[in-house]
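# Report on the structure
Each chain, written out:
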Amino acid sequence: MKVENSKMVSVNYTLTVDGKIADQSREGSPLQFVCGTGMLLPKFEGAIIGKEAGDKVSFTLDPKDGYGEIIPEAVVDLPKTIFVIDGKLAEDMLTVGNQIPMSDAQGNRMMGVVKEVGDDTVKMDFNHPMAGKTLHFDVEVVEVRDVTPEDLASQGGCHCHDCEGDCGGGCGDEHHDCGCH
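All of these numbers come straight from a predicted model, not from anything done at the bench.

### Digging into the side chain of K80
In this structure, K80 sits in the loop between β5 (75-79) and β6 (84-85). Lacking a salt bridge, the buried K80 has D119 as its closest oppositely charged neighbour, with an N-O distance of 5.8 Å. Within the local environment of K80, its side chain forms a polar contact with the backbone oxygen of G118, the two atoms lying 3.0 Å apart. Residues contacting K80, with those up to four places away along its chain left out, are L89, L94, V117, G118, D119, D120, T121 and V122.

This is the structure we're talking about:
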C-alpha cells in the first residue's frame, strides 16, 4: 500500500538542523499520522506520497517550506511586571533560553523563549524555534494502512460536518477527506 491522503502512516525519522540532530523518532515508536490532515508540514507529506513500507527518503526543506522565516516583530520587550505571580517576581522562569507559555491580548496561547533579561524588561522571542532554519529529514516509511475509527478517535476524532467527530458508522459524505471510509 502506498502513502496517500487518508491513510494511516508510520515513519521513523531523523531531523538534522545545522549539522546536528534536532529531533528523531524513538526506537520502536514511529511517528504515526493520517496523511493529508495537516498534522505535518505539507512538504514533508509531499516527499513521502507514493512511498511504501520499507522505502527510505531524504529531503531538505528551506525555511519557507518548514516553519517560516524569522519574523523580527515576534521578538518583543515585555515589562518584567507581567512575570509577577502572587506578588513576587518569578525569577526562576526568567532564565535565558527558557520557554514560557503565554497568551496574547486576544487569549491566543503561544510559546515564548527568554532571550534577554534586563532591569525592567524581558526580551521574548515568539518565533517558532525552527523558524529560519533549513530542515534536513531522513525518513523511513514503516507502515501504511487504512484508517480505523480508533485511529481517528486517538487523533481528536473526525472533523466531518455530518458526524460530529464520531464516524464509526460512516459520515455519509463520500467527498470529504478525513479518512474514515
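### Focus: the packing of aromatic side chains
Within this structure, the stated rule accounts for 3 aromatic pairs. Centroid distance F44 to F59: 5.5 Å. Interplanar angle 75°. Geometry classified as edge-to-face. One end of the pair, F44, is in helix α1 (residues 42-48); the other, F59, is in strand β4 (residues 56-61), and 15 residues separate them in sequence. One exposure class covers both F44 and F59, and it is buried. Their ring planes at 25° and their centres at 5.4 Å tell us that F59 and F137 sit as a pair that is stacked. One end of the pair, F59, is in strand β4; the other, F137, is in strand β11 (residues 135-146), with 78 residues separating them in the sequence. A single burial state applies to F59 and to F137, both of which are buried.

### Some remarks on unusual backbone geometry
Although it is not a glycine, S6 adopts a positive phi angle of roughly 75°. Relative to the helices and strands, S6 is located in the segment before β1 (7-17). Judged by its relative accessible area of 16%, S6 is buried. A positive phi angle is found at D18, which is not glycine, with a value near 55°. Relative to the helices and strands, D18 resides in the loop between β1 and β2 (20-24). The class of D18 is exposed, set by a relative accessible area of 59%.

### As for the nonpolar core
Judged by nonpolar contacts, the single largest core of 21 residues is most densely connected at V11, F44, I48, L135, F137 and V139. If you list the elements that add at least two residues to this core, you get β1, α1, β4 and β11. With near-sequence residues (within four places) excluded, I48 lies in contact with V3, V9, V11, F33, V57 and V139. Residues L78, L94, V114 and M124 belong to the second largest nonpolar core, which totals 8 residues.

### Topic: the sheet that holds strand β10 (residues 121-125)
The strand order across the open sheet built from 4 strands is β5-β10-β9-β8, with neighbouring strands paired in antiparallel fashion. Sheet topology places β5 and β8 (99-103) at the edges, where each strand pairs with a single neighbour. The mean inter-strand angle of the sheet, taken between neighbouring strand axes irrespective of direction, is 45°. Bridge analysis of strand β9 (residues 109-117) against β10 gives 4 bridges, and the strand direction is antiparallel. Bridge pairing in β10 places E116 opposite K123.

### A closer look at the pairing of β11
One ladder, built from 10 bridges, connects β1 with β11; its direction is antiparallel. Within the sheet, the bridge partner assigned to K7 lies in β11 and is D146. Note: β4 against β11, 6 bridges, orientation antiparallel. Residue pairing for β11: S58 is matched across the bridge by D138.

### A short note on the pattern of salt bridges
Applying the stated criterion to the full structure yields 6 salt bridges. Across the pair K2 and E52 runs a salt bridge, and its minimum N-O distance is 4.0 Å. One end of the pair, K2, is in the segment before β1; the other, E52, is in the loop between α1 and β4, with 50 residues separating them in the sequence. Owing to a relative accessible area of 34%, E52 belongs among the partly exposed residues under this scheme.

Cut-off values and rules
- Residues numbered from 1 in each chain as written.
- Predicted model: local features only at pLDDT ≥ 70, side-chain atom pairs only at ≥ 80, totals over all residues.
- Heavy atoms only, no water.
- Helix = DSSP H or I, 4+ residues; strand = E, 2+ residues; numbered from the N terminus.
- Buried < 20%, exposed > 50% of the residue type's maximum accessible area, 1.4 Å probe, protein only.
- Lys, Arg positive; Asp, Glu negative; His and termini not counted.
- Salt bridge = Lys/Arg side-chain N within 4 Å of Asp/Glu carboxyl O.
- Polar contact = N/O pair within 3.5 Å; in protein donor to acceptor, adjacent residues only side chain to side chain.
- Contact = heavy atoms within 4.5 Å.
- Phe/Tyr/Trp six-rings, centres within 6.5 Å; stacked < 30°, edge-to-face > 60°.
- Core = buried A, V, L, I, M, F, W, Y, C linked by side-chain atoms within 4.5 Å.
- Pairing = 2+ DSSP bridges.
- Axes fitted to C-alpha atoms, helices over the stretch in contact; angles between N-to-C directions.

What is shown is where atoms sit, not what they do.
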